[in-house]
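Listed below, chain by chain, are the residues.
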Amino acid sequence: MEAVWVGAAFALGLLGSRVGLPPLVGYLAAGFSLAAFNIHSGEILRYLGEIGVLLLLFTVGLKLRLASLVRPEVLGVGGLHLLLVGTLIAVPLAYRLGGELALYLGLSLAFSSTVLAIKVLEDKRELNSYHGRVAIGILILQDLVAVALLAFAGVKTPTPWALALLGLPLLRPLVFWLLTKSGHDELLLLFGLGLALAGGSVAQAVGISPELGALLFGAVLAGHPQTTELSRTLWGLKEAFLVAFFLNIGLAGLPTLRELLLGLGLLLLLPLQGLIFFGLFVAFGLRARTAFVTALTLSSHSEFALIVAAPLIESGRLEEGWGTVLAVAVAASLAVAAPLNAVAHRVYLRLEPWLSRLERKGRHPDEEPTSLGKARWLVVGMGRTGGAAYKLLESRGERVVGLDTDPDKLQRHRAKGRRVRYGDAEDPELWERLELTGLKGVLLTMPDLESKLQALEGLRRRGFQGLVAVTSYHREEDAVLEAAGAGLIFHPFAEAGERLAERAIEAWSPGTIRQGLEPSPGEAVGQSPRTSG
């Protein structure tokens, strides 16, 4: 049976990716297809899906910053959105279900899918961008409200021991020490997996959601220099287990025609949710682009609606058919939202002339630069490659400025005295307003192909005549980047090996002995040394 699940997920995931859809849409389709053949989920698949969600939230916690949760655009927008959307949904439901159940379901349908939003942001390398941090902050706020909602409904009540989680920061020295001692191989993987599972188990034991517990345990490690490596180590495991989560949604069973129509009818709420999110973000001072992209990220029904319905159905307070209706609504919203989010920046580009008029005047919290001063080089993407490029240019006496969307990276580079500013390469307004006069060249070192293409398109529209150099991690991307206007393409992995070989040849001499290598008698300079006996 496991081979059937994996085979179906791979086949339809591959088909989805070939037609330009995110693979998770294929996983959902695989689940429904298997259900049509009367193949249903098992305990193993459900458990693997739960582990995938715990790992997802744990890795988000690794990058969590408390300051991002207490911003007005998080608390204000998140709180008002729940109040407005929850009420609008609850009012019509009250005539059929009664006030208490209607409010309960209304609020649960107002929540956004944590799994989808984080997965989409992660795939686009936007978890640490400004709009990514705002979205994550609102998702965490919704999780906290969910805990209170479950307790209010009598489904799950936090125990007094839940307050002990406030003492998690006291464990930082211990977990930091354990993380350091875990090394870089399988022990590091086991440490991360164990901590994520422990977070879920402890949280469940004290009456709160396991997902929130995994996130909090991940947040204990936030700020450690090895968290990036830990996140990369867990990536493959997390992605594999998340396939089980999406399969489970479809494997829940095929709906009747009535349940299908009701579930699809709930999709009509998504535009309403998105419009309210957008309006609130703009009202709180965000730029139209940030408001649009963040609203689209959060425009989906949450898997929490299924969690809410299950105990209510088991207790007989809610009709059994509602479980299938909500499953259809959640699955359909994921299938619609995933491909839309994949092209969010391009969609905004088409709507920008109208949406930008709705921005509030004055300074915005996500303001981008319009001038680079006397800079001669611009480095976009200040990760390891971008940081190394900046350092070399600066050492050659060049005036250079760096741009990035990650506040943590900006802070680290500023601590080293480097001139770096907030800027999103996929924002067309950045390239429209940025003064490019005097620049010799622009270096695009972001890992995401889409963001590089957007930047190249923006530079081309401005008629930039300087050099545009880009990094490429896959040879099949080269032709696309060249067609978009890249003047120089650099392959970090391949060319790093070539540079290593060059430096090895330069460093070698007949009198040099390094790590058991020495020239044989009579061997000429420049010839390859042999391994000594």
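Fair warning: this is a prediction, and the values are worked out from it, not measured in the lab.

Undergrad: What is the right way to look at empty space enclosed by the protein in this model?
TA: To find leftover empty space, one rolls a probe the size of a water molecule over the atoms. A complete count under the given rule lists 2 cavities of 30 Å³ or more for this structure. What the second largest cavity holds in volume is close to 50 Å³. In terms of lining residues, the second largest cavity is bounded by Arg287, Glu367, Glu368, Pro369, Asp427, Glu429, Leu430 and Arg433. Its residues assigned to classes, the lining of the second largest cavity shows 2 nonpolar, no polar and 6 charged.

Undergrad: What am I meant to see in helix H21 (residues 449–461) here?
TA: Residues three or four positions apart in an α-helix share a direction because the helix packs 3.6 residues into each turn. For H21, with 13 residues, the first-to-last C-alpha span of 18 Å sits near the 18 Å given by 1.5 Å per residue. For H21, the full list of buried residues reads Ser451, Lys452, Leu453, Gln454, Ala455, Leu456, Glu457, Gly458 and Leu459. Elements that come into contact with the buried residues of H21 comprise helix H17 (344–355), helix H20 (428–433), strand S4 (441–444), strand S5 (467–471) and helix H22 (478–484). One or two residues past the end of H21 sits Gly463, with phi positive at roughly 70 degrees.

Undergrad: In this structure, what is going on with the sheet that holds S5? I would like to understand it.
TA: Sheet strands line up and pair through hydrogen bonds in the backbone, either parallel or antiparallel. One open sheet holds the 6 strands; their spatial order is S3-S2-S1-S4-S5-S6, and the pairing between them is parallel. Where the open sheet ends on each side, the last strands, each with one partner, are strand S3 (420–422) and strand S6 (488–490). Geometrically, the sheet is characterised by an average inter-axis angle of 20 degrees between neighbouring strands, direction not taken into account. The pairing of strand S2 (residues 400–404) with S3 spans 3 bridges and is parallel. In the strand pairing of S3, Gly402 is matched with Val420. This element, helix H19 (residues 407–415), spans S2 and S3 of the sheet and lies at about 160 degrees to S3.

Undergrad: Looking at this structure, I do not really get the pattern of salt bridges. What am I missing?
TA: Where charged atoms from two side chains of opposite charge approach closely, those side chains can pair. Here the structure, examined in full by the defined rule, presents 13 salt bridges. A salt bridge links Arg461 to Glu457; the nearest nitrogen and oxygen atoms lie 3.2 Å apart. Highlighted residues: Arg461 and Glu457, both in helix H21, separated by 4 residues, approximately one helical turn. Overall, Arg461 belongs to the partly exposed group, its relative accessible area being 44%. Among the ionic contacts, a cluster of salt bridges with common partners joins Lys119, Glu122, Lys238 and Glu239.

What counts, and at which threshold
Residues numbered from 1 in each chain as written. Predicted model: local features only at pLDDT ≥ 70, side-chain atom pairs only at ≥ 80, totals over all residues. Heavy atoms only, no water. 1 Å grid on protein atoms, 1.4 Å probe; cavity = no way out; pocket = protein on both sides within 12 Å on 5 of 7 lines; lining within 4 Å. Points joined across faces, edges and corners; volume = space filled by probe spheres on them. Nonpolar A, V, L, I, M, F, W, Y, C, P; charged D, E, K, R; others polar. Helix = DSSP H or I, 4+ residues; strand = E, 2+ residues; numbered from the N terminus. Expected span 1.5 Å × (residues − 1). Buried < 20%, exposed > 50% of the residue type's maximum accessible area, 1.4 Å probe, protein only. Contact = heavy atoms within 4.5 Å. Pairing = 2+ DSSP bridges. Axes fitted to C-alpha atoms, helices over the stretch in contact; angles between N-to-C directions. Salt bridge = Lys/Arg side-chain N within 4 Å of Asp/Glu carboxyl O.

Note that all results are geometric; they support no functional claim without further evidence.
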